[in-house]
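Summary of the model geometry
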Amino acid sequence: MDKGKRSFKIFVYGVMSQVVTLLLGIILPKLFIVNYGSEVNGLLSSVRQIFVYVTLLEAGIGTASLQALYAPAAKEDHQRISEIMAATDRYYKRTGFLYGLAVIILAIVYPMVIRSEIPYGIVVGVIFFQGASGVINYFFQGKFTILLRVDGKSYITTNAVTIASVSSKLFQIGLVLMGCNILAVQAAYFVINLSQMLFITWYVKKNYGWLNLKADPDYKALKQSKNVIIHQISGLIFNNTDILVLTYFCGLKVVSVYSLYNLIVNCVSSIIDTVCGSVEFILGQAFNSDREHFLRLQETYETYYLGLSFSFFAVTLIMLPSFIGIYSAGITDINYVDTYLPYLFITIHILTYARRTSSQIINFAGAFKETQGRSIIESAINLSVSLFLVQKIGMYGVLIGTIVALLYRTNDVIIYANCRILGRKPWKTYRRWIQNFAVMVFCVVGINRIIPVMNNYLIWALNAVWVSIICFGATFLIDSLCDRESFRMLKVFAGSMIRSKFNR
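Residues numbered from 1 in each chain as written. Predicted model: local features only at pLDDT ≥ 70, side-chain atom pairs only at ≥ 80, totals over all residues. Heavy atoms only, no water.

1. Some details on the overall build of the protein chain
- Along its length, the protein chain carries 17 helices and zero strands.
- Out of the 504 residues belonging to the protein chain, those deemed buried represent 56%.
- Relative to all contacts within the protein chain whose residues are 6 or more apart in sequence, the contacts with residues 24 or more apart total 85%.
- Accessible surface computed for the protein chain: about 22300 Å², of which carbon and sulfur atoms make up 66%. (Helix = DSSP H or I, 4+ residues; strand = E, 2+ residues; numbered from the N terminus. Buried < 20%, exposed > 50% of the residue type's maximum accessible area, 1.4 Å probe, protein only. Contact = heavy atoms within 4.5 Å. Areas by Shrake-Rupley, 256 points an atom, 1.4 Å probe, with all protein chains shown as cover.)

Now the structure itself:
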């Protein structure tokens, strides 16, 4: 039950974090667009994506370290954990130095490459403040985040990040309303994030006194990092190419439109990721210590994880068009309302999350080398189709390129995880996918026939409540009826959690 309580904390704090971050995160881009223009908002989005690529310097150490730590964490082998963490620490410090060099180079070169009327000095400053946080993260926080995650205490990181995020966004909102320069806004973001990183470092040193980063580093435990980095490169190309392609072919204003849709859908996805993260450490430890127990947990987890994912995306697909209309009212430098973009973005996320539970199994098994070629094929499909279509149909082209690649890789991941690792047919996963997709279509078509026109945030929020109740209720009912054993296990788990609360 201790693991259950930690899982519950990760979930609750994670959802609270995502909701607050979503609300403030939606306010900021609107203020940036209104006060600085769509071009500045596009610049910020483009720079953030570039630094996602710079994280390749980590060379897959984070994922390899996480996978290596599951087994000793399940056995509470502190010496082994210290040896792996010592190796991780050395890699991360090297990465921090290289990351710093990358920040300097980007600050000099990037302003010369982009087509923009934004002054050179502003672009340099934005890059510096955005990149400096990453440098400090690698030197101090990064390795500790991995330890907390594998130990089921990622809610500590979540809470610290939430407080820092809320504080920085409130400061940024205040500075924008006061008419401050965009560099002052970015500086506030950097300073507050620095305090959050220092807190995480202090917490681990206080609560993990046994951790010895001066132990003999076990570099062999991280040998999978070379295979992980292939997946990371492919994943970064796959997930982050769109903005760079749009920046080059379509300009920063189009990037601003893409970023707004992507921001909202990603915020919804982050809530789903919180559910995934809340039980990931339990599943990872079970996979490496008790395979039979893992299989029972996996069945229940997959049933309700897929149901939750499809419910969220059903609500998003119904409510997103009206929200964009309300949100973008008064913005005249480019049109943000589009009939087809919500469907394209949601299709991408449905295909991505349909394979998520299977991807976790591959990670738990450490099958990075065996699947790296498939990951490369996915990225190649995405990049080639996107580059071809963006010149013909613009933003739609990069989204269709992603969808085409996902149609290949999602099926590949589901089949590989079930057949090659678990030794079973993938039918159950496909059946759950089909039943949830059917419920989603039914809800979207039915509700779109009766939902009223919404022209302000209050009306929108009230309608979002009843739409959510119908979508989540219908999905939970169908999933529980189709997977009775999963429902039984869910009741047992929920009952145990409730009893533990009352028996305190």
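2. Points about the packing of helix 3 (residues 61-75) against helix 5 (residues 120-150)
- As a packed pair, helix 3 and helix 5 sit with axes 9 Å apart at the nearest point and diverge in direction by 40 degrees. Considered as vectors, helix 3 and helix 5 are oriented oblique to each other. The two elements helix 3 and helix 5 meet at a crossing, and its hand is right-handed. Side by side, helix 3 and helix 5 meet where Gly62, Ser65, Leu66, Leu69, Tyr70 and Ala73 of the first sit next to Ile146, Arg149 and Val150 of the second.
- Of the residues belonging to the contact of helix 3 with helix 5, the class tally is six nonpolar, two polar and one charged. (Axes fitted to C-alpha atoms, helices over the stretch in contact; angles between N-to-C directions. Parallel < 35°, antiparallel > 145°, perpendicular 65-115°, else oblique. Left-handed = near helix turned anticlockwise from the far one by under 90°. Nonpolar A, V, L, I, M, F, W, Y, C, P; charged D, E, K, R; others polar.)

3. A look at a nonpolar patch on the surface
- A cluster of nonpolar side chains, Phe97, Leu98, Leu101, Ile104, Ile105, Ile108, Val109, Met112, Val113, Tyr120, Phe139 and Phe140, forms an exposed patch at the surface whose accessible area comes to about 1100 Å².
- Counting residues per element, the ones that place at least two in the nonpolar patch are helix 4 (78-113) and helix 5.
- Take the nonpolar patch: its biggest share by element is nine residues, from helix 4.
- For Phe139, the position within the fold is in helix 5.
- Looking at Phe139, the relative accessible area reads 31%, which means it is partly exposed. (Patch = residues over 30% accessible without salt bridge, like charges linked within 9 Å, V, L, I, M, F, W, Y side chains within 5 Å. Salt bridge = Lys/Arg side-chain N within 4 Å of Asp/Glu carboxyl O.)

4. Looking at the packing of helix 3 against helix 4
- It is the contact of helix 3 with helix 4, at a shortest axis distance of 9 Å, that shows an interaxial angle of 170 degrees. The angle between helix 3 and helix 4 falls in the class roughly antiparallel. Touching Ile61, Gly62, Ser65, Ala68, Leu69, Pro72 and Ala73 of helix 3 are Arg80, Ile81, Ile84, Met85, Thr88, Tyr91 and Tyr92, all from helix 4.
- When grouped by side-chain class, the residues that make up the contact of helix 3 with helix 4 number 10 nonpolar, three polar and one charged.

5. Observations concerning the side chain of Thr300
- Relative to the elements of secondary structure, Thr300 occurs in helix 10 (residues 291-327).
- Assessed through its relative accessible area of 12%, Thr300 is described here as buried.
- Sequence-distant contacts of Thr300, that is, excluding residues within four places in its chain, are made with Ser486, Met489 and Leu490.

6. Here we look at the packing of aromatic side chains
- Enumeration according to the criterion identifies 21 aromatic pairs in this entry.
- A network of ring pairs unites the aromatic residues Phe323, Tyr327, Tyr457 and Trp460 as a single cluster.
- The ring of Phe144 carries Lys143 above its face, with NZ or CZ at 4.8 Å from the centroid. (Phe/Tyr/Trp six-rings, centres within 6.5 Å; stacked < 30°, edge-to-face > 60°. Lys NZ or Arg CZ within 6 Å of the ring centre and 35° of its normal.)

7. Considering helix 12 (residues 356-365)
- A large share of helix 12 lies buried, amounting to seven of its 10 residues.
- For helix 12, the full list of buried residues reads Thr357, Ser358, Ser359, Gln360, Ile361, Ile362 and Phe364.

8. What about the state of the cysteines?
- As enumerated under the stated definition, the model contains zero disulfides in all.
- Cysteine Cys443 remains unbridged, with the sulfur of Cys471 as its closest cysteine sulfur at 4.3 Å.
- On the basis of relative accessible area, Cys443 is assigned to the buried category, the value being 5%. (Disulfide = S-S within 2.5 Å.)

9. Concerning the pattern of salt bridges
- Enumeration according to the criterion identifies 16 salt bridges in this entry.
- In this structure, the salt-bridge partner of Lys143 is Asp89, at a minimum N-O distance of 3.1 Å. Remark: Asp89 occurs in helix 4 and Lys143 occurs in helix 5; sequence separation between them is 54 residues.
- A salt bridge links Glu485 to Arg488, with the shortest nitrogen-to-oxygen separation between them at 2.7 Å. With Glu485 and Arg488 both in helix 17 (residues 484-502), this residue pair falls three residues apart, about one helical turn.
- On the accessibility criterion, Arg488 (41% relative accessible area) is partly exposed.
- A cluster of three or more residues bridged by salt bridges with shared partners is formed by Glu299, Glu302, Arg424, Lys428, Arg431, Arg432 and Asp483.

10. Structural notes on the environment of Thr429
- In this structure, Thr429 sits in helix 15 (residues 427-450).
- Thr429 gets classed as buried once you look at its relative accessible area, which sits at 0%.
- Taking the C-alpha atoms as reference, Thr429 lies 8.7 Å from Asn418; in sequence the two are 11 residues apart.
- Sequence-distant contacts of Thr429, defined by excluding residues within four places in its chain, comprise Glu302, Leu306, Ser358, Ile414 and Asn418.

11. A short note on the side chain of Ser259
- Among the secondary structure elements, Ser259 is positioned in helix 9 (residues 252-287).
- Leave out the neighbours within four places in its chain, and Ser259 touches Ser45 and Ile243.

12. So, the environment of Gly397
- You can see Gly397 is positioned in helix 14 (residues 395-421).
- Look at Gly397 and you get buried, because its relative accessible area is 0%.
- Excluding its chain neighbours within four sequence positions, the residues that come into contact with Gly397 are Val385, Ser386, Leu389 and Val390.

13. Thoughts on the environment of Lys93
- Turning to its location among the elements, Lys93 is positioned in helix 4.
- Measuring from C-alpha to C-alpha, the distance between Lys93 and Tyr138 comes to 6.1 Å, with 45 residues separating the pair along the chain.

Geometric values such as these leave the question of function open.
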